[in-house]
Amino acid sequence: MTPGHLKKKANSPSLEVPLAPVNLAAAETPSTASFPIVGIGASAGGLAAFEAFFSGMPSDAEPGMAFVLVQHLAPDHKSILSDLIQRYTRMQVFEVADGMVVQPNCAYIIPPNRDMACLHGALQLLEPSEPRGHRLPIDFLFRSLALDQKERAIGIVLSGTGSDGTAGVRAIKDEGGMVMTQSPDSAEYDGMPRSALDTGLVDYVLPPAEMPAQLIGYATHAFGQRARAVAVAGPKSELALKKIVVLLRAQTGHDFSQYKPSTIQRRIERRMAVHQIKALDSYVRYLQETPSEVEALFRDLLIGVTNFFRDPEAFAVLEKQVIPTLFADHPAGAVIRVWSAGCSTGEEAYSIAILLQEHMEALKQSYTIQVFATDIDSRAIATARSGLYPASIAADLSPQRLARFFTAVPDGSAYRINKGIRDLLVFSEQDVIKDPPFSRLDLISCRNLLIYMGAELQKRLIPLFHYVLRPGGTLFLGTSEGVGEFADLFAVLDRHAKLYQRKEHFSSTRRMTLGRFLPPRMAIDAAPTGGGKPGSRARLPLRELTEQALLQQLAPASALVNGQGDILYLHGRTGMYLEPAAGESGVNNILRMAREGLRQDLSMALHKAANSSQRVHCPGLQVKTNSHFARVDLTVCPLSADPEVMPESPLYLVMLQDSVATDQAQPAVPAASGRAAAPDEGPEAKAASHTLARIAVLEQELRAKDEYLQTTQEELETSNEELKSSNEEMQSVNEELQSTNEELETSKEELQSVNEELATVNAELQAKVIDLSRTNNDMNNLLAGTGIGTVFVDHQLRILRFTPAASGIINLIQSDIGRPVAHIVSNLAGYEGLVADTRAVLNTLIHKEVDVQTREGKWYTMRIQPYRTLDNVIEGAVISFLDITETVQTREALRAANDLCRLAVIVRDAHDAITVQDLEGRILVWNPGAVRMYGWAEGEALRMNVRDLIPPELREETLLTLRQLAQAEVLEPYRGQRLTKYGAVVNVSMISTVLMDAAGEVYAIATTERASEVVRDRRKTGR
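Residues numbered from 1 in each chain as written. Predicted model: local features only at pLDDT ≥ 70, side-chain atom pairs only at ≥ 80, totals over all residues. Heavy atoms only, no water.

**Observations regarding the overall build of the protein**
Consideration 1: Scanning the protein from N- to C-terminus turns up 28 helices and 36 strands.
Consideration 2: Out of the 1023 residues belonging to the protein, those deemed buried represent 43%.
Consideration 3: Within the protein, contacts between residues at least 6 apart in sequence are counted, and of these 63% link residues at least 24 apart.
Consideration 4: Taken as a whole, the protein presents about 55300 Å² of accessible surface, with 53% of it coming from carbon and sulfur. (Helix = DSSP H or I, 4+ residues; strand = E, 2+ residues; numbered from the N terminus. Buried < 20%, exposed > 50% of the residue type's maximum accessible area, 1.4 Å probe, protein only. Contact = heavy atoms within 4.5 Å. Areas by Shrake-Rupley, 256 points an atom, 1.4 Å probe, with all protein chains shown as cover.)

**Quick word on the packing of aromatic side chains**
Consideration 1: Throughout the structure, instances matching the rule amount to 16 aromatic pairs.
Consideration 2: On the numbers, 5.2 Å between centres and 85° between planes, the contact of phenylalanine 308 with tyrosine 389 is edge-to-face. Highlighted residues: phenylalanine 308 in the loop between α11 (291-301) and α12 (312-328) and tyrosine 389 in strand β13 (residues 388-390), separated in sequence by 81 residues. Each of the two residues, phenylalanine 308 as well as tyrosine 389, counts as buried.
Consideration 3: Cluster of aromatic residues (ring-pair linked, three or more members): Phe308, Tyr350, Tyr389, Phe406 and Phe427. (Phe/Tyr/Trp six-rings, centres within 6.5 Å; stacked < 30°, edge-to-face > 60°.)

**Some remarks on the sheet that holds strand β14 (residues 406-408)**
Consideration 1: As summarised here, the arrangement of the three strands in space is β13-β15-β14, forming an open sheet in which the pairing is antiparallel. Every other strand in the sheet has two partners, leaving β13 and β14 as the edge strands with one partner each. Shown here is a sheet whose adjacent strand axes are inclined to one another by a mean of 35°, direction ignored.
Consideration 2: Relative to strand β15 (residues 414-417), β14 runs antiparallel, the two sharing three bridges. Bridge pairing in β15 places threonine 407 opposite arginine 416. (Pairing = 2+ DSSP bridges. Axes fitted to C-alpha atoms, helices over the stretch in contact; angles between N-to-C directions.)

**Considering the pattern of salt bridges**
Consideration 1: Applying the stated rule across the entire model yields 22 salt bridges.
Consideration 2: One salt bridge connects glutamate 485 with lysine 459, and the closest N-O pair in it is separated by 3.7 Å. Of this pair, glutamate 485 sits in the loop between β18 (469-477) and β19 (490-494) while lysine 459 sits in helix α17 (residues 455-468), and the two are 26 residues apart along the sequence.
Consideration 3: When salt bridges with common partners are traced through the structure, they connect Asp311, Glu348 and Arg447 into a single cluster. (Salt bridge = Lys/Arg side-chain N within 4 Å of Asp/Glu carboxyl O.)

**Here we look at a nonpolar patch on the surface**
Consideration 1: There is a patch of nonpolar side chains on the surface, built from Leu900, Leu903 and Ile906 and spanning about 320 Å² of accessible area.
Consideration 2: Turning to its location among the elements, leucine 900 is positioned in helix α24 (residues 885-909). (Patch = residues over 30% accessible without salt bridge, like charges linked within 9 Å, V, L, I, M, F, W, Y side chains within 5 Å.)

**Some points on the sheet that holds strand β11 (residues 335-341)**
Consideration 1: Taken in spatial order, the seven strands line up as β16-β12-β11-β17-β18-β20-β19 in an open sheet, and their pairing is mixed. Strands at the two margins of the open sheet, each flanked by one partner only, are β16 (425-429) and β19. Pairwise comparison of adjacent strand axes, ignoring direction, gives a mean angle of 20° for this sheet.
Consideration 2: As judged from the five bridges shared by strand β17 (residues 441-446) and β18, these two strands associate in the parallel manner.

**Some points on helix α23 (residues 834-844)**
Consideration 1: Here α23 has its buried residues at Leu834, Asp837, Thr838, Val841 and Leu842. Buried residues of α23, viewed axially, fall in a sector of 140°; they line one side. Among the exposed residues of α23, those oriented more than 90 degrees off its buried face are Ala836 and Asn843.
Consideration 2: On its buried face, α23 sits against β26 (789-793), β29 (848-854), β30 (859-868) and β31 (874-883).
Consideration 3: At the exit of α23 stands leucine 845, carrying a positive phi of roughly 60°. (Arc of directions from axis to C-beta.)

**Description of the nonpolar core**
Consideration 1: Core analysis: the largest hydrophobic core is formed by 47 residues, its most contacted members being Ile244, Trp339 and Phe465.
Consideration 2: Of all elements in the fold, only α8 (235-252), α9 (261-275), α10 (280-289), α11, β11, β17, α17 and β18 reach the threshold of two or more residues within this core.
Consideration 3: It is α17 that contributes the most residues to this core, six residues altogether.
Consideration 4: When sequence neighbours within four positions are dropped, the list of residues in contact with phenylalanine 465 reads Trp339, Val432, Ile444, Cys446, Leu475 and Phe490. (Core = buried A, V, L, I, M, F, W, Y, C linked by side-chain atoms within 4.5 Å.)

**Considerations on the packing of α12 against helix α13 (residues 347-363)**
Consideration 1: As a packed pair, α12 and α13 sit with axes 10 Å apart at the nearest point and diverge in direction by 55°. In terms of orientation, α12 lies oblique with respect to α13. The handedness of the crossing between α12 and α13 comes out as right-handed. Across from Phe315, Leu318, Glu319, Ile323, Pro324, Leu326 and Phe327 in α12, the residues of α13 making contact are Glu348, Ser351, Ile352, Leu355, Leu356, Glu358, His359, Met360 and Leu363.
Consideration 2: Its residues assigned to classes, the contact of α12 with α13 shows 11 nonpolar, two polar and three charged. (Parallel < 35°, antiparallel > 145°, perpendicular 65-115°, else oblique. Left-handed = near helix turned anticlockwise from the far one by under 90°. Nonpolar A, V, L, I, M, F, W, Y, C, P; charged D, E, K, R; others polar.)

**Structural notes on a negative patch on the surface**
Consideration 1: On the surface, a cluster of negative charge is contributed by Glu714, Glu717, Glu721 and Glu722.
Consideration 2: Along the polypeptide, glutamate 722 turns up in helix α22 (residues 683-786). (Lys, Arg positive; Asp, Glu negative; His and termini not counted. Charge placed at Lys NZ, Arg CZ, Asp CG, Glu CD.)

**So, the pairing of strand β35 (residues 985-996)**
Consideration 1: Bridge count for strand β34 (residues 974-979) against β35 is six bridges, and the pairing is antiparallel. Paired with glycine 976 across the bridge in β35 is valine 988.

**Describing the side chain of threonine 885**
Consideration 1: For threonine 885, the position within the fold is in helix α24.
Consideration 2: Residue class for threonine 885 comes out buried when judged on its relative accessible area of 11%.
Consideration 3: From its side chain, threonine 885 meets the backbone nitrogen of tryptophan 859 in a polar contact 2.8 Å long.
Consideration 4: At 2.7 Å, the side chain of threonine 885 forms a polar contact with the side chain of aspartate 883.
Consideration 5: Apart from the residues lying within four places of it in its own chain, the contact partners of threonine 885 are Lys858 and Trp859. (Polar contact = N/O pair within 3.5 Å; in protein donor to acceptor, adjacent residues only side chain to side chain.)

**Structural notes on the environment of glutamate 238**
Consideration 1: Inspection of the secondary structure assignment puts glutamate 238 in helix α8.
Consideration 2: Considered as a pair, glutamate 238 and leucine 280 are 42 residues apart in the sequence and their alpha carbons are 9.9 Å apart.

**Regarding unusual backbone geometry**
Consideration 1: Unusually for a residue other than glycine, aspartate 311 sits at a positive phi of about 60°.
Consideration 2: Note on aspartate 311: relative accessible area 23%, which makes it partly exposed.
Consideration 3: You will see that lysine 364, though not glycine, has its phi angle at about 60°, which is positive.
Consideration 4: Looking at the secondary structure, you find lysine 364 in the loop between α13 and β12 (368-375).

**Examining the pairing of strand β5 (residues 106-109)**
Note on strand geometry: in a regular strand, side chains alternate between the two faces of the sheet.
Consideration 1: The alternating pattern of β5 places Cys106 and Tyr108 and Ala107 and Ile109 on opposite faces, both of which are buried.
Consideration 2: Where strand β2 (residues 66-71) and β5 come together, three bridges link them in parallel fashion. When the bridges of β5 are listed, valine 68 appears paired with tyrosine 108.
Consideration 3: Summarising the sheet, strand β3 (residues 92-95) and β5 pair through four bridges and their orientation is parallel. By the bridge assignment, glutamine 92 is partnered in β5 with cysteine 106.

**Thoughts on the packing of α9 against α11**
Consideration 1: Following both chains from N to C, one finds α9 and α11 inclined at 135°, their axes separated by 10 Å at the closest point. Taken as axis vectors, α9 and α11 run oblique relative to one another. Like other packed secondary-structure pairs, α9 and α11 cross with a definite hand, here right-handed. Note on element contacts: α11 touches α9 through Glu293, Ala296, Leu297, Asp300 and Leu301, opposite Thr263, Ile264, Arg267, Ile268, Arg270, Arg271 and His275.
Consideration 2: The class makeup of the residues in the contact of α9 with α11 is five nonpolar, two polar and five charged.

Now the structure itself:
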């Protein structure tokens, strides 16, 4: 699986490139996270479930695990799930970036239009390969999480429609992980939770708000106390495990005593973690008190993760190499029998049936296909019989096979296998350990079953598979399985695909073992190969009955042996001639079992028969039987039969029959053979006759010895020739291996040299990456610290990068990198020449400065200058903005101050009295002319009101006149009277002007006054 990567923009700044190797290195670290990773999947109604789940998290403690959230998202819609989840949790929430390493106490959200997988604790993003509507991102994540994190993988299925997540649940459970699902009654849409529950593999069914507490409890028990895990090595623990096996056998009827202890232990530990039971003895008591837990443990032990065409490479080899031979070995109309042992929910059995159907249609011939699929799990068999599978199987099947062999249910949540394929299979509940097997099989598929069994069970099952296969039949095992020490029973067809072909083997020891293993009745043996009713037992013909009776009555004691003398079959009473040899009981060899007087002649006769392929007869052999010698006729006959029926090695029939010359056992000291002495002969004649008979016997024995020595010498010469040939072959092979080894050594040295060079280059590049990263950091901090807005553009005026300060002047965001600057909306008021001025600078290489103002009123000096590399190559332009707002404001304030200074001089030096009063009449300004005219000093006047200057009898009239005249900006000149400090009344001519603030509101009145005459002077009148 090759991780997909998000596409980067073509003109991304080169300074960002060194970040990629860092992420890649993190992703390639071959380590599993030391904390649980929780995959949470949801679809419709998932947002509320997510909120409830994270709201239930403890607020005063960290969960100690990571959460990876997958939701079905629209590919063209930006997800806001990260912002929403952040409101309900104290953890950090990230939208996943490609290669992001998972950290504990963090939540990770899948981005839109991406599949996500976990590899070595890092999240990898891939572009979906399936069209929209057929994507199963939850299954995709759960499967990768199970393979990557093993027992630390936790899957949670929340609200949603369809069946996404169901296949992932099976994968997590197969690796020893834990699964939760939302209770259907609490889900807005219960399709996904119910589909997960139908697998029977869910550990907890809870509302989302209650899940965190249970989840933390499980993780604390299962992973926080690993040091106190169940120890199987101790005697007490072994006894407890045996008790658990007894409870399982008593309730379910199935014996797990010969399964691998590690498998049993791992499943028991997981169940203890689910119930948070610390001691194994306590779990035994819990099993005794809770029969439902025995059933749950039984289901956990039977977890079978399977899918259609699992291990596609192996099925491809099966399709190309094995399936065609099954049809080639049978004539049209024949029966092809297949057994899928441990079929689980039937996916692999259906896969084999699909391959058989496809090839039969390609041949355009008719065959009878029988696929027997068995499993110990009744619920799995029920699922297989129904032939209804979740929509997630679309990921395992080609679109052509999916359309041809499956029919979608109306709501699109599942597929049903077509009747044409379903009729090829027979599903049955069967324990392969104790129940009768099928027979006369062309193919056995037993994948990923043996890995859970101990060595003794495997030693019993492999010969069983050999026995029930036809000659040349095929055994299909899982990728982690093999035939082990039974290589003499099976030939390897494809070692990688685990395909083996049955060989003929006649080891009597293994036959005896097989006989002890097989039950007395075979369930399928009675079924005829052709037509007829299954189970009917064919009656033997009269000829066969007669021949069998004659063989039992008349046939001599016989033994069927191969060329080495290994006994394949015994007939009759052979105990007079054969006896077991001392030592270990292995393969029974007739030469080792032959009694005294038989062994040499038997060896010689067997050798002659093997060399000449002729019948060899040795009459009158003296064989010692229980302190007596019996005369025996030995015959060795090579067997000839149909090559298709006979095995690869030739066979010989050894017949042992009492000699016709005598019917009684003779004394231990054999009598002299020859002419019998007459009764009237004398003692000398009898002695001579006895001597001649003895000499004849000795001569016969001597000839036999010579023949035996000659035979032995021939065998030795043959063996020497064979050894010499083998030696030459071995020398040739050795020379080839030596040559290959030298080539490999050379290649190794070359690779070592290349590796060293690459290591050097890598170190240099790593140093440059570090320097570049440090420089990049310094540059970023420098640009950010100066507060100067800077934008870098290329020759096409596309934005390469920018500083944070520039985003306030030109509306820039990170995704604008790569876009032309002309497409960006700026905040500059009254300035539209940015593009033209930048092009002019690139054309003339003369920098340009312009003062610009933003719509917020800030002022900047914009400087455009060429971007020069260290090699003095122009690669674009640099647009910088220097904030001069304070400078402009200071300049304006100085100008205003100068204006005010000039006005102040005019007011100060004016001969007329100039005053300013607010709308309430309080005096705000009092110039020297007013001091001369009215006598009050400035300080005194600023504490007075204008009514203090008006004679009492004229105050109301004068103030009313002022209020009326204040409606205009500039009042018309008018006359009035004013009081001086000394009480004199002065006629004055006045001009009043209203003063307005920035908002246009009147806040004061300025008056210019000129005295015309003094009406009366109190100093003169005394009043």
